[in-house]
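Topology and contacts: notes
Listed below, chain by chain, are the residues.
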Amino acid sequence: MVQLLDATGARREHPGYDVHLEPVELLGLLRDMVLMRRLDTEAEALQRQGQLGLWAGSRGQEAAQVGAARALRRQDHVFPSYRDHGFLLAREVDPLHVLSLFRGVDHGGWDPVEHGVHPYTLVIAAQMLPAVGYAMGVQRDGAVGSGDPARDTAVVACFGDGATSQGEAAEALNWAAVYNAPVIFLCQNNQWAISEPVQRQSTVPLHRRAEGAGMPGVLVDGNDVLAVLAVVRAAAERARSGGGPTFVEAYTYRMGAHTTADDPGRYRDAAEVDAWRERDPIDRFRAHLRAEGVLDDAFEEALAAEADEFATRLRAGVRDMPDPEPASMFEHAYAEPHPQVLTERDEFLAAWARHEQDEQHATAGRDR
């Protein structure tokens, strides 16, 4: 396993992987992780208050996501799953666009082209084949192996350990390998696919799946932000240069529930959660920065204040979101008008009008 920070935050060496960052960059990684966790905390509270329909948390996976996101260049593209919030924050997507998705007022309000991060998918592994297809398109556009650092592009497909059991995952790995597509398969192995442990997904370590597909597989400590950054940066450079795909298994842990509809206490022991909490990625990195003299109390206080302001904006922004127009769900099903969709829209609007009329009559009757 590639690890550059041990459990106490002390720096380690690993052959073939290293990373040297300026103090401002190191503090930026800490900021990303702290704000990502605050988003998770606030979103869970908003769901419990009835402001969101659901929330898929990412507590414990901050280093895996932030490290990977900061290893990329602006032209690289990310195909996330439904809990990859750290990639969106690093890509400067307004988190309210993420929360609007979980509130149910839109399908995610950010521009994938502008930010280089594509819409969330709730269907397990559904993002993996589009990621490979996009990478093959990049290849055919000549944006791989050209030697131009501002043009050559890598694509990241994010998924969890449970997704490796899906047929789409096997197909995506095979296509990427056969066509030498510039893809990084980033598997965040958080140990649990809802209530199923990773041992029921595979009898071998997940990164070993890469051997069967014909690509390198790397196991990295997913709670070590520097190690993840180094591994994904190397995989991205390989992809951009025309070296082909890489499978990266970030070994981490989902400290919270699968979603707010889940009760993890029914299937995992508290002792297991406590043991992983001792490996908290934010605490580990904070200890490293303190030991190196990079982090001081003034920065901590400023970051805490920023996180509070961030949380206040999230709460206010969610409550201020307007309800969508009833017919808006039909507007972007296809790029061009589709007869069946138009028929369904008209039927829906007629039913909606009858519902509104019935509500008005019921209200008038109560008033009398």
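These numbers come from a predicted model, not from an experiment.

Here is what the cut-offs are and how they apply
Residues numbered from 1 in each chain as written. Predicted model: local features only at pLDDT ≥ 70, side-chain atom pairs only at ≥ 80, totals over all residues. Heavy atoms only, no water. Helix = DSSP H or I, 4+ residues; strand = E, 2+ residues; numbered from the N terminus. Rg over C-alpha atoms; globule rule 2.2 N^0.38 Å. Buried < 20%, exposed > 50% of the residue type's maximum accessible area, 1.4 Å probe, protein only. Contact = heavy atoms within 4.5 Å. Areas by Shrake-Rupley, 256 points an atom, 1.4 Å probe, with all protein chains shown as cover. Salt bridge = Lys/Arg side-chain N within 4 Å of Asp/Glu carboxyl O. Core = buried A, V, L, I, M, F, W, Y, C linked by side-chain atoms within 4.5 Å. Pairing = 2+ DSSP bridges. Right-handed = clockwise from strand over helix to strand, strands pointing away. Disulfide = S-S within 2.5 Å. Patch = residues over 30% accessible without salt bridge, like charges linked within 9 Å, V, L, I, M, F, W, Y side chains within 5 Å. Axes fitted to C-alpha atoms, helices over the stretch in contact; angles between N-to-C directions. Parallel < 35°, antiparallel > 145°, perpendicular 65-115°, else oblique. Left-handed = near helix turned anticlockwise from the far one by under 90°. Nonpolar A, V, L, I, M, F, W, Y, C, P; charged D, E, K, R; others polar.

Once that is clear, we can look at the overall build of the protein. In terms of helices and strands, the protein carries 13 helices and seven strands. The C-alpha radius of gyration computed for the protein amounts to 22 Å, which stays within 12% of the reference 21 Å derived for 368 residues, consistent with globular compactness. For the protein, the spread of C-alpha atoms along the three principal axes comes to 80 × 50 × 40 Å. In the protein, which comprises 368 residues, the proportion classed as buried is 48%. At a minimum sequence separation of 6, the contacts of the protein that also span at least 24 residues come to 74%. Total accessible area on the protein is roughly 17,400 Å²; 50% of this is exposed by carbon and sulfur atoms.

This paragraph deals with the pattern of salt bridges. Going through the model one piece at a time under the given rule, you end up with 21 salt bridges. Residue arginine 284 is joined to aspartate 221 by a salt bridge in which the shortest nitrogen-to-oxygen separation is 2.8 Å. Remark: aspartate 221 occurs in strand S6 (residues 217-221) and arginine 284 occurs in helix H11 (residues 281-291); sequence separation between them is 63 residues. Of the two residues examined, arginine 284 and aspartate 221, each falls in the buried class. In this structure, arginine 290 and glutamate 300 form a salt bridge, with 3.8 Å as the shortest nitrogen-oxygen distance. Taken together, the positions of arginine 290 in helix H11 and glutamate 300 in helix H12 (residues 297-319) put the pair 10 residues apart, joining distant regions of the chain. Owing to a relative accessible area of 17%, glutamate 300 belongs among the buried residues under this scheme. A cluster of three or more residues bridged by salt bridges with shared partners is formed by Asp283, Arg286, Arg290, Asp297 and Glu300.

Attention now goes to the environment of alanine 250. Relative to the helices and strands, alanine 250 is located in strand S7 (residues 246-251). Under the relative-accessibility criterion, alanine 250 is labelled buried at 0%. Along the backbone, alanine 250 and histidine 77 are 173 residues apart, and their C-alpha atoms lie at a distance of 19 Å.

By size, the foremost hydrophobic cluster in this structure holds 70 residues, and its most contacted members are Leu99, Leu186, Leu226 and Phe285. Membership of the second largest hydrophobic core comes to 25 residues, among which are Val132, Phe159, Ala177 and Phe247.

Our next topic: the pairing of S6. For S6, a buried count of four out of five residues is recorded, marking the element as mostly surrounded by other parts of the structure. Sheet analysis places S6 next to S7, joined by five bridges and oriented parallel. Paired with leucine 219 across the strands is glutamate 249, a residue of S7. Note that the unit made of S6, helix H9 (residues 225-240) and S7 has a crossover that is right-handed.

Throughout the structure, instances matching the rule amount to zero disulfides. Its sulfur unpaired, cysteine 158 is 10 Å from the next cysteine sulfur, which belongs to cysteine 187.

There is a patch of nonpolar side chains on the surface, built from Trp175, Val178 and Tyr179 and spanning about 320 Å² of accessible area. Along the chain, the position of tyrosine 179 falls in the loop between helix H7 (167-178) and strand S3 (183-189).

Relative to each other, helix H6 (residues 128-140) and H7 sit at 15°, their axes nearing to 8 Å. The orientation of H6 with respect to H7, classified from their angle, is roughly parallel. The hand of the H6/H7 crossing is left-handed. Mapping the contact onto sequence places Met128, Leu129, Val132 and Met136 in H6 and Glu168, Ala169, Glu171, Ala172, Trp175 and Ala176 in H7. In terms of residue class, the contact of H6 with H7 is built from eight nonpolar, no polar and two charged.

Another point: the side chain of glutamate 42. As for its position among the elements, glutamate 42 is in helix H1 (residues 23-48). Since its relative accessible area comes to 9%, glutamate 42 is described here as buried. Contact partners of glutamate 42, with chain neighbours within four places excluded, come to Ala311, Leu314 and Arg315.

With that settled, consider the pairing of strand S2 (residues 155-160). Judged by how many residues are buried, S2 sits mostly within the fold: five of six residues are covered. Where strand S1 (residues 77-79) meets S2, three bridges bridge the pair, whose relative direction is parallel. Of the residues in S2, the one forming a bridge with valine 78 is valine 156. Alignment of S2 against S3, held across six bridges, turns out to be parallel. Bridging from a neighbouring strand, alanine 157 pairs with phenylalanine 185 of S3. The parallel pair S2 and S3, bridged by H7, forms a crossover whose chirality is right-handed.

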